[in-house]
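Given next are the chains, with one letter for each unit.
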Amino acid sequence: MSQLRTKGKSTIVWILLGLMILGLGGFGVTSFSGGTTEVGSVGDTKITADEYARALQNEMRSLSQQTGQQITMAQAQQMGLPAMVQGQLIGAAALAEQARRIGVSVGDEKVAQTIMQAGAFQGPNGKFDRTAYSEILRRERLTEADFEGTVRNDESRLILQRAVANGVTAPAPMVDQTSRWLLQTRDFAWRELTEDDLAQPIADPDEAALKAWHEANGDRFTAPETRKISYAWINPDMLSGEVELDDAALRDVYDRNIDQFQRPERRMVGRLVFPTEADAQAARDQIDAGDKPFEAFVIDRGLTLDDIDLGEVARTELGQAADAVFAAEQPGVVGPVQTDLGPALFSVNAILDPVDISFEDARDDLRGEAALSRAARQIQDRAPDYEDLLAGGATLEELADETDLKLGQVDWTAEGNPEEGSIAGYEAFRERAADITASDFPQLYELADGGVFAMRLDEIVPPTLKPFDEVQDDVLADWKQAELQRRLLDLASEQRLAAVAKTSPGADAEPQAEAPEETAAVEWNSETDMSRSDYMRGLPPQILSQAFTMAEPGDVGVVDAGDRVFVLRLDQISDADLSTDDAVQIVNTVQSRLNQSLQGDIFDYYARHVQRNSKVQINQQAINAINAQVQ
């Protein structure tokens, strides 16, 4: 019913605490309490509507961050995201139910220890901050009892996981073989063939051959689907010239955005608090001596640079530390300085000069900005009138005649590059253009800058082969590239045979036929002690990967890199020495990774068994209701 190995989001516990409770199996679960409606259950363990909604929203938010665009619920459903989240929750609930049935749990002391060690709840001094704890739970709409119950359940599942998977280790031969495979090195030589290596230049084909190539490779010369779209639109830039602004209005904009024009000198700083001044001074001494950087002391405290970052601060925001911090003429470390939290070192990361732009100096820029802002408000004020006209059946042409909207037409393609300032440059327009159908009535939509538009699909022109006369130059270039690649591959094959003949047994005893003119001697480029993970600057990765597929020294191969051709010769295979310090470290890493993989598989089989033998119930009606509400 669910794919338990799916890499999903962790619970709010893992999000806040940085834990990987079910790291081996990769189970995602978002356990939140407070929902009264159940969307499912496994035995006596319930999955609430609140849990499902939060888990789904977290997945959508994460995917939006990864893709750089907002994922809608419709897109999430197309990708199967709701089903994946359901599977994650069911898998986790099955494990929780198993832990409950066999009596696995943890005490209050363990729960408290887990929470107090969480970095998200620690203050600047590196200790548990009760205020931060309460604030984060309040923001997440969780009670302390609910959250602590979730921590208890997660710790119980961790105990279950350890009991099932701990002790499973990879066999030594597997570790040895994998390590040797990773650490093996090879010596090889290569040479690239180019058009200059050909005995005869590539002659232009006749028109008949080009036309045949055009037809045979039509996908390369086909125009994409084109949507002919009519639209009526207006944006603030179109109206800004008509907007009248007096100095009072500009002064109001200036005052409302005073932080942009009047700012005191500021510093970008981080603050690390120490238990005693002696500790702070000792750290400063090591920093000044170059023995240890400031960042290392942050890490030693179990913190990150984000944890100690104060951002941009003015003198008035630093209290007792202001004079010392603002006396620094260059970025660096300041202190120890006594603060309300104790002795601290300050890392001055940047010095920001004061900003002092008078109203008179800012007037011209303000006028343009204020005009756009007022124009945007005027468009929003008039938008109901535009909508009424469309609702009354007005066409785009009538809408443009009766209002200040401008009529336009565009041949839109998904692959096209919009002209500067065109409506196709707006994401909102492109989204609608991709989805609109001929049966859709024009509606009013907003643009990111405050403008509005309505659109109509007039025609869809399917992908069409471009006429030969329009793309003849492109066809010729494409044919030449393909012909060059073919000729070079033929030449490489000839050179490969010649190289193999020179290295084959008895090559010295038997006279060899002279190489063709195109296979004149060329210098080889040698590479030594190359590993699988090395990078060859300026060369395609196919060379290295093919070098590690060749069986014996002396083997010669041809590398077809798509638009480049190489002849490759394997010179030596060097077995790995697993006794060196670097090799021992890699062997240990391989051992750890293989152990984790095997443990994950074992736990995965166990979790699937638990789920199959549990009574799983799903409230599809409740799930559908949540899916309809999630945005």
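The coordinates are above.
Procedures and definitions
Residues numbered from 1 in each chain as written. Predicted model: local features only at pLDDT ≥ 70, side-chain atom pairs only at ≥ 80, totals over all residues. Heavy atoms only, no water. Pairing = 2+ DSSP bridges. Helix = DSSP H or I, 4+ residues; strand = E, 2+ residues; numbered from the N terminus. Expected span 1.5 Å × (residues − 1). Buried < 20%, exposed > 50% of the residue type's maximum accessible area, 1.4 Å probe, protein only. Axes fitted to C-alpha atoms, helices over the stretch in contact; angles between N-to-C directions. Contact = heavy atoms within 4.5 Å. Phe/Tyr/Trp six-rings, centres within 6.5 Å; stacked < 30°, edge-to-face > 60°. Lys NZ or Arg CZ within 6 Å of the ring centre and 35° of its normal. Salt bridge = Lys/Arg side-chain N within 4 Å of Asp/Glu carboxyl O.

Undergrad: Describe in detail the sheet that holds strand 12 (residues 406–412), supporting the description with residues and values.
TA: As summarised here, the arrangement of the four strands in space is 12-5-14-13, forming an open sheet in which the pairing is antiparallel. Of all the strands in the sheet, just strand 12 and strand 13 (445–446) have a single pairing partner and so form its edges. As judged from the nine bridges shared by strand 5 (residues 226–234) and strand 14 (residues 452–461), these two strands associate in the antiparallel manner. By the bridge assignment for strand 14, Arg 227 is matched with Ile 460.

Undergrad: Account for helix 7 (residues 144–165), with residues named and values stated.
TA: Between its first and last C-alpha atoms helix 7 spans 31 Å; for 22 residues at 1.5 Å apiece the expected length is 32 Å, and the two agree. The complete set of buried residues in helix 7 reads Phe 147, Thr 150, Val 151, Asp 154, Glu 155, Ser 156, Arg 157, Leu 158, Leu 160, Gln 161 and Ala 165. Where helix 7 ends, the next residue or the one after it, Gly 167, has phi of about 95°, a positive value.

Undergrad: Residue-level account of the sheet that holds strand 10 (residues 342–352), with values.
TA: Strand order in this open sheet of four strands is 8-7-10-9, and the pairing throughout is antiparallel. Every interior strand has two partners, whereas the edge strands, strand 8 (309–314) and strand 9 (332–339), have only one. Taken pair by pair, the neighbouring strands of this sheet meet at an average axis angle of 35°, ignoring direction. Relative to strand 8, strand 7 (residues 266–273) runs antiparallel, the two sharing five bridges. The residue of strand 8 that forms the bridge with Arg 267 is Val 313. Along the sheet, helix 13 (residues 277–289) contacts strand 9 and strand 10; its crossing angle with strand 9, the most-contacted strand, is approximately 170°.

Undergrad: Describe the side chain of Ser 156, naming the residues involved and giving the relevant values.
TA: Locating Ser 156 in the fold gives a position in helix 7. Of the residues examined, Ser 156 reaches a relative accessible area of 5% and is grouped as buried. Setting aside chain neighbours within four positions, we find Ser 156 in contact with Ala 99, Val 104, Ser 105 and Val 106.

Undergrad: Please give an account of the packing of aromatic side chains that cites residues and values.
TA: Evaluation of the coordinates by the stated rule reveals eleven aromatic pairs. Ring plane angle 80° and centroid distance 5.9 Å describe the contact between Phe 121 and Phe 147, whose orientation is recorded as edge-to-face. One end of the pair, Phe 121, is in the loop between helix 5 (108–116) and helix 6 (130–139); the other, Phe 147, is in helix 7, and 26 residues separate them in sequence. Phe 147 matches Phe 121 in its accessibility class, with the two residues each being buried. Joined through ring pairs, the aromatic side chains of Tyr 231, Trp 233, Tyr 426, Phe 429, Tyr 445 and Phe 453 make up one cluster. Geometry around Phe 297 places Lys 292 over its ring, the cationic atom sitting 4.6 Å from the centre. Positioned over the ring face of Trp 524 is Arg 569, at 4.6 Å from the centre of the ring.

Undergrad: Lay out the pattern of salt bridges in plain terms, naming residues and giving numbers.
TA: Applying the stated criterion to the full structure yields 26 salt bridges. The partner of Arg 152 in a salt bridge is Asp 108, with the nearest N and O atoms 2.8 Å apart. Here Arg 152 is found in helix 7, whereas its partner Asp 108 is found in helix 5, with 44 residues between them in sequence. Glu 312 is the salt-bridge partner of Arg 266, the closest N and O atoms lying 3.6 Å from each other. Of this pair, Arg 266 sits in strand 7 while Glu 312 sits in strand 8; the two residues are 46 residues apart in sequence, bridging distant segments of the chain. On the accessibility criterion, Arg 266 (17% relative accessible area) is buried.

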